[in-house]
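# An overview of the molecular structure
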Amino acid sequence: MQKIAAIDTHTGGEPTRVVFAGCPDLGGGPMRERADRLQGRGDWFRQALIREPRGCDWIVGAALQTPTSTESTAGVIFFNNAGCLGMCGHGLIGVVEAMAYRALIAQGTHRFETPAGMVTATLHDNRDVSFENVESYRLHKDVEVQLAGDESITGDVAYGGNWFFLAAVESLAGASTDELSGRCRAIREALGAQHVCGANGAEIDHIELFAPPTNNNRAESRNFVLCPGGQYDRSPCGTGTSAKLACLAADGRLAPGARWRQESIVGSVFEATYALSPNGVAPTITGRAFVTGEVTFILDDDDPFRFGIAAGGR
Ligand code: PYC
């Protein structure tokens, strides 16, 4: 029998399962290498926490790690139903809230090592969390992607800790999340078929649609983000908002230090600003997470579903 201790949170509606104990030993070294090991010999752990009956497809896991530097608060590896993520903005806000809930950190600024690089997060006195993300940049502008029939869509390719294709659409109102997910899946498949990639051939595994905001949040924009495992982000997506800032900066549509309020498909909001950095922008994203549960998961050796129910039911 194995036990895994976690705190569940949500950030703008998107859940994060923060694991404090029970993660397999991933060895030392940078978080990128440990994420590879988690995805290899440690995949049972990801499956047990994300798949049914303990999880669901839209939970993001965050395994806390001993950092490589004494100046860092923690290392963290994010994972979802498809594998590991380079960075996860809503997830980092969840990590900070969970660590504060456990009284492991106080108000102030903390450094986190992630597979995408060092990220600094500040816990404010009102419990908001701001994080300064890894350098974000636009790689390609106005890429035209051919879809089925004669249809095409034009968007930008940008990095915000994960790779994104970002496209403006007229409206996000009136379409169901199933319809929007289907559209984003078609765009992702078309990007693959047309060999549109991130830097060094990286797969563009996040698709982000933008439209004018539709509610009362005083937001500048509303988005819909499809994540690699086919689920949509309920939050405005921290890495996706970072990629958006990189595009706005490159187009001269948002000045350094100016505020951008990004609303999600469920109406939650992240506030964002950026500073210029050598090859793009250094985004700062602010949001709030809430603890939803404190759980010790049990993986009973006799339980045929201790590693979850695989796609297709096996
Ligand atoms: O907030 O960066 C984010 C994120 C990535 C995938 C889901 N959320």
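One can find the structure itself at the top, above this paragraph.
This structure is a prediction, so every number in the text was calculated from the model and none was measured.

## Things to note about the environment of Phe131
- Structurally, Phe131 is set in strand β8 (residues 129-132).
- Residues Phe131 and His90, spaced 41 residues apart in sequence, show a C-alpha to C-alpha distance of 9.9 Å.
- Residues contacting Phe131, with those up to four places away along its chain left out, are Met87, Gly89, Leu92, Ile93, Val119, Thr120, Ala121, Gly238, Pro283, Thr284 and Ile285.

## Quick look at the nonpolar core
- Formed by 64 residues in total, the largest nonpolar core has its most connected members in Phe78, Val95, Phe112 and Phe165.
- The element contributing the most residues to this core is helix α3 (residues 89-101), with 7 residues.
- Once residues lying within four places of it in the same chain are set aside, the contact partners of Phe78 are Val60, Gly61, Ala62, Gly83, Cys84, Leu85, Met87, Cys88, Gly91, Leu92, Val95 and Thr114.
- With 19 residues, the next largest nonpolar core counts Leu49, Ile50, Ala63 and Ile77 among its residues.

## Comments concerning helix α2 (residues 43-50)
- For α2, the buried fraction is high: 7 of the 8 residues fall into the buried class.
- Burial in α2 covers these residues: Asp43, Phe45, Arg46, Gln47, Ala48, Leu49 and Ile50.
- The inward-facing, buried residues of α2 contact β1 (2-11), β2 (14-21), α1 (31-39), β3 (60-65), β4 (74-79) and β17 (289-299).

## Describing the site of the ligand
- Close to the ligand lie Cys88, Gly89, His90, His206, Cys227, Asp233, Cys237, Gly238 and Thr239, which account for all nearby residues.
- His90 is positioned such that a nitrogen or oxygen atom in its backbone is 2.8 Å from an oxygen atom of the ligand.
- At 2.7 Å from an oxygen atom of the ligand is found a main-chain nitrogen or oxygen belonging to Gly238.
- If the ligand stood free it would expose 240 Å²; the protein chains cover 100% of that surface.
- For the shell around the ligand, the elements supplying multiple residues, two or more each, are α3 and α5 (238-250).

Criteria and cut-off values
- Residues numbered from 1 in each chain as written.
- Predicted model: local features only at pLDDT ≥ 70, side-chain atom pairs only at ≥ 80, totals over all residues.
- Heavy atoms only, no water.
- Helix = DSSP H or I, 4+ residues; strand = E, 2+ residues; numbered from the N terminus.
- Contact = heavy atoms within 4.5 Å.
- Core = buried A, V, L, I, M, F, W, Y, C linked by side-chain atoms within 4.5 Å.
- Buried < 20%, exposed > 50% of the residue type's maximum accessible area, 1.4 Å probe, protein only.
- Near = heavy atom within 4 Å.
- Polar contact = N/O pair within 3.5 Å; in protein donor to acceptor, adjacent residues only side chain to side chain.
- Areas by Shrake-Rupley, 256 points an atom, 1.4 Å probe, with all protein chains shown as cover.

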